[in-house]
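So the chains spell out like this:
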Amino acid sequence: MRISHLFITFLSVLVGSLAIRSLVFPSETSTSYVEMIPQKPLSLKAFTLCMRVATELSGEREIILFAYRTPDFDELNVWRELDGRLSFYLSGDGVLFQVPTLGFLQTHLCFTWDSSSGAAAVFMNGWKSLTKIYRKGHTVRPGGRVILGQDPDRFLGDFHAKQSFVGEILDVNMWDFVLSETALRNLVCGKKEQKGNIFDWETTELRKNGNVEDFNIEI
């Protein structure tokens with residue numbers, strides 16, 4: 001453990017501190033969200049989705065972490081489930097992962113999926129879950145909108161406060177391929193080998209709605 005800690009510290013020194021935007025959702029609402037504008041349509045046969053999150057919500061409470069919906073389907077939703085497991089859903093039943101519970105300390109999360117093999121996994125602070133096989137041959141369809149903070153039951157609407165995100169979220173990046181495990185571990189300490197080609201947090205346009213605060217922090 002000591003060697004791992006020294007290695008991460010060493011990488012942090014090499015990379016240096018990085019000031020990035022952070023979003024705070026201070027309270028439970030059915031109106032507050034942030035829309036993310038992608039760099040290209042989300043027509044996906046694979047993806048890596050990463051973010052940093054912290055929340056004080058506890059107990060049996062669903063928390064939406066990321067929502068991509070087209071007019072007819074929830075194409076890609078990422079959740080903390082009632083029992084604390086992490087999950088994502090591709091227009092149907094989801095894949096769930098038993099991992100340590102999210103809490104008030106910032107956690108770096110990455111979700112990966114590849115249609116050709118069906119391989120799906122979660123990385124928490126660089127540590128990989130077991131691999132599960134999910135939606136082999138599926139394609140995530142374009143033509144939708146991505147939001148943080150709410151789960152839309154219809155196209156950008158019909159939100160429920162008891163599913164809303166409350167806490168801090170930042171450093172949301174997305175690629176249309178699966179990053180290597182080395183690249184994913186490097187992201188934990190702020191070393192990005194390749195900018196997200198769907199969402200790059202440093203440049204992605206964010207459109208705030210409702211009670212959402214944003215500011216810059218160093219990682």
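None of these values were measured; they are calculated from a predicted model.

### Focus on the sheet that holds strand 6 (residues 86-89)
Taken in spatial order, the 7 strands line up as 7-6-5-4-12-2-14 in an open sheet, and their pairing is antiparallel. Because the sheet does not close on itself, it has two edges, and the strands there are strand 7 (94-97) and strand 14 (205-209). Across the sheet, the mean angle from the axis of one strand to that of its neighbour is 15 degrees, orientation sign disregarded. Sheet analysis places strand 2 (residues 33-37) next to strand 14, joined by 5 bridges and oriented antiparallel. Across the sheet, isoleucine 37 pairs through a bridge with glutamate 205, a residue of strand 14.

### Topic: the side chain of serine 32
Relative to the helices and strands, serine 32 resides in the loop between strand 1 (19-25) and strand 2. Overall, the relative accessible area of 3% leaves serine 32 in the buried class. In this structure the side chain of serine 32 is engaged in a polar contact, spanning 2.8 Å, whose partner is the backbone nitrogen of asparagine 211. Apart from the residues lying within four places of it in its own chain, the contact partners of serine 32 are Phe25, Gly149, Gln150, Asn209, Gly210, Asn211 and Val212.

### Observations regarding the side chain of serine 87
With respect to the helices and strands, serine 87 occurs in strand 6. A polar contact is formed between the side chain of serine 87 and the side chain of glutamate 81, at a distance of 2.5 Å. When neighbours within four sequence positions are excluded, serine 87 is seen to be in contact with Asn77, Val78, Trp79, Glu81, Val95, Leu96 and Phe111.

### Thoughts on the nonpolar core
Of all hydrophobic cores here, the largest spans 45 residues; its most connected members are Phe47, Met51, Leu65, Phe66, Phe88 and Met174. Residues contacting methionine 174, with those up to four places away along its chain left out, are Leu42, Leu44, Phe47, Thr48, Leu49, Phe66, Leu76, Gly196, Asn197, Ile198 and Phe199. Cys110, Ala121, Leu184 and Leu187 belong to the second largest nonpolar core, which has 9 residues in total.

### Regarding the confidence of the model for the protein chain
Considering every residue of the protein chain, the mean pLDDT works out to 91; 92% of them sit at 70 or more. For the stretch residues 1-15, pLDDT sits under 50, and the model shows 7 contacts to residues farther than four places along the chain or on other chains.

About the thresholds
- Residues numbered from 1 in each chain as written.
- Predicted model: local features only at pLDDT ≥ 70, side-chain atom pairs only at ≥ 80, totals over all residues.
- Heavy atoms only, no water.
- Pairing = 2+ DSSP bridges.
- Helix = DSSP H or I, 4+ residues; strand = E, 2+ residues; numbered from the N terminus.
- Axes fitted to C-alpha atoms, helices over the stretch in contact; angles between N-to-C directions.
- Buried < 20%, exposed > 50% of the residue type's maximum accessible area, 1.4 Å probe, protein only.
- Polar contact = N/O pair within 3.5 Å; in protein donor to acceptor, adjacent residues only side chain to side chain.
- Contact = heavy atoms within 4.5 Å.
- Core = buried A, V, L, I, M, F, W, Y, C linked by side-chain atoms within 4.5 Å.
- pLDDT = per-residue confidence, 0-100.

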